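# Structure assessment
So you can see what is in the structure, the chains are spelled out below.
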Amino acid sequence: PLILAIESSCDETAASIIDGNGTILSDVVASQIDFHARFGGVVPEIASRKHIEAICGVCDECLDAASRSLGAPQLHWRDLDAIAVTYAPGLVGALVVGVAFAKGAAWGADKPLIAVNHLEGHLYANRIARSDIKPPMVVSLVSGGHTMLVHVRDWGDYETLGSTIDDAVGEAFDKVAKALGLGYPGGPIISKLAAQGNPKAIDFPRALMHSGDLRFSLSGLKTAVTTYIQKEQQAGREPNMPDIAASFTAAVVDVQVAKAKTALLETGAKEFCLGGGVAANPELRAAYERMCKKIGVRLTMPPLSACGDQAAMIAEVARDRFAQGKFADLSLDVQAHAPLDEPY
Ligand code: ATP
Ligand code: MG
Ligand code: FE
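Rules of the game
Throughout this description, residue numbers start from 1 for each chain and increase along the sequence as written. Here the convention is simple: chains get letters from A, ligands get numbers from 1, in the order in which they are written. Local features in this predicted model are restricted to residues whose pLDDT is 70 or higher, and side-chain atom pairs enter the listing and the counts only when it is 80 or higher, whereas totals over whole chains, interfaces and linings include all residues. UniProt positions are given in the numbering used here, feature names are shortened, and annotations may be inferred rather than shown by experiment. Residue burial here comes from a neighbour count, namely the number of other C-beta atoms, placed from the backbone, that lie within 10 Å of the residue's own C-beta, with 20 or more meaning buried, 12 or fewer meaning exposed, and in between meaning partly exposed. Note on contacts: residues are paired as contacts if their backbone-placed C-beta atoms lie within 7 Å. Put simply, DSSP H or I for four residues or longer makes a helix, DSSP E for two residues or longer makes a strand, and each gets a number counted from the N terminus. Nearness here has a simple definition: the residue's C-beta atom, placed using the backbone, must lie within 6 Å of the molecule or strand. Any residue outside Ala, Val, Leu, Ile, Met, Phe, Trp, Tyr, Cys, Pro, Asp, Glu, Lys and Arg is labelled polar, Gly included; the first ten of those are nonpolar and the last four are charged. To estimate how far a helix should reach, multiply one less than its number of residues by 1.5 Å. By definition, the arc is the one covered by directions from the helix axis to the C-beta atoms.

As recorded in an unreviewed UniProt entry, the protein chain goes by the name tRNA N6-adenosine threonylcarbamoyltransferase, listed as coming from Slackia equolifaciens.

Here it is as C-alpha cells:
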C-alpha cells in the first residue's frame, strides 16, 4: 500500500509517503523556525496560520517527490491507499490544520484515515534506522515537550517508566539558550558551542540523579546556569559560553544516561532506542553508545533527519495501523495531551 502521512503538531508542516515495505518515497518538511525565532519560541497563533499556508504545497511536493522516487507517472490522492495524520499531542490550533486537511483529503479521495500519536511517531523513527528492532525495548523520548523513558513491551503496548516533573530536556536547551541570548531553537546552537567547551569546567547540578526512580527534573539546572552567569558578570568576568554549554550538556547527559541504564537493568530489555529532537545531540548519542556497549544492549538511534519533527515517522506508525486495519473515522478530533500508554 501507499500511505501519505501528515504532521502539523508544532512548528513543522510535514508530509511523507511510505510503501508497504517501509520504503520512504518522499519526506517533505517545511519548517516555520524563522517565523518564531524572533519571539524566542513557538507562537501558537503563528504556527496555525503558517500550517494553513504551507499544507497544500507540502502535500503537492510530497506527491511529486514520491512519483520521482517511483519513476512513475504523477501520483494523485486517488492512487493512495490511506491518509494518516498526527492527532495528538501538540498545539491544538496546529494539530487542527493537519487533521482537518487529512479528513478532507480522505473524504474527497474516499480513502481510509489513520490517526497517529506524535510520540509514538518519535518512537517509530527508530525503525527508519533499523527495520529489525524488536520489543521488548526501552526508548528514551527527549523532545521539546516531553522527557520520558518508555518500556515498549510490544509495538502499540507501552508503559511509561518515568518522566519529567517540570521542564522537558529540549525545553531546557531552549530556555538556557534564551537566557544566554543565543537564539532559538537552543539545541543546535548549544551543541555547536559545547563542541568547543570543557564539559568539566562547571559543576552544574544533576537533579534526581540518585533519586532511585526514573523521574527527571530540569528546571533547577536552567536556574543554575543563569545564576552562574550572573555571578561571573558580577565578579567582572566574561562568562565562557563554550564551557557553560559543554558543562550544561554534560549535566543533562549524565542524568539521562544514568536513568536509562537503570530502566534497562530493571526491565531486562536488550534493545535501547532514542527519539525526539534532542536525540540529535552528539554528546548524548556518544554517551549512549558507551553505556550500551558496557552493559551489552543494542542501541538504535533515529537518523538525524528523523529526530526532530517530520512525517516519515508518522507514516511508519501508519504502516502498522494499516496492516492491522485500525482506522479512524471522520469524527476524529485533536487532543493537546494524549498518553502514549493508550495509543489510538
Ligand atoms: P514534542 O515532540 O514533545 O511534542 P516537539 O515536537 O516540539 O515536542 P521536537 O521537534 O521533537 O519537539 O524537538 C525539538 C527540540 O529538540 C527543541 O527543544 C530543540 O532545542 C531540541 N534539539 C534539537 N536539536 C538538538 C540538539 N542537537 N541538542 C539538543 N537539543 C536539540
Ligand atoms: Mg519543531
Ligand atoms: Fe516532536
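## Examining the UniProt feature "binding site: substrate" (unreviewed entry) in the protein chain
According to UniProt, the feature "binding site: substrate" (unreviewed entry) maps to Leu 141, Val 142, Ser 143, Gly 144, Gly 145, Asp 174, Gly 187 and Asn 281 in the numbering used here. On the basis of neighbour count, Leu 141 is assigned to the buried category, with 25 C-beta atoms found within 10 Å. Those residues in contact with Leu 141, other than ones at most four positions away along the chain, are Leu 119, His 122, Leu 123, His 146, Met 148, Val 150, Gly 275 and Gly 276. Within the element layout of this structure, Gly 187 appears in helix H6 (residues 186-194). For Gly 187, a count of 25 C-beta atoms within 10 Å corresponds to the buried category. Those residues in contact with Gly 187 that sit more than four places away from it in its chain are Gly 170, Phe 173, Gly 277, Val 278 and Asn 281.

## Concerning the site of ligand 1
Around ligand 1 lies a shell of 24 residues, among which Gly 144, Gly 145, Gly 170, Gly 187 and Gly 277 are the nearest. Counting residues per element, the ones that place at least two in the shell around ligand 1 are helix H4 (118-129), helix H5 (169-179) and H6. Take the shell around ligand 1: its biggest share by element is four residues, from H6. Its residues assigned to classes, the shell around ligand 1 comprises six nonpolar, 16 polar and two charged.

## Here's the deal with helix H9 (residues 282-295)
Between the first and last C-alpha of H9 there are 20 Å, a value that for 14 residues agrees with the 20 Å anticipated at 1.5 Å per step. Listing the buried residues of H9 in full gives Leu 284, Ala 287, Tyr 288 and Cys 292. Viewed along the axis of H9, the buried residues span an arc of 130°, placing them on a single side of the element. Away from its buried face by more than 90 degrees, H9 exposes Ala 286, Glu 289, Arg 290, Lys 293 and Lys 294. In this structure, the buried side of H9 is in contact with helix H8 (241-267), strand S9 (271-275) and strand S10 (298-300). Phi for Gly 296, located one or two positions after H9, is positive at around 70°.

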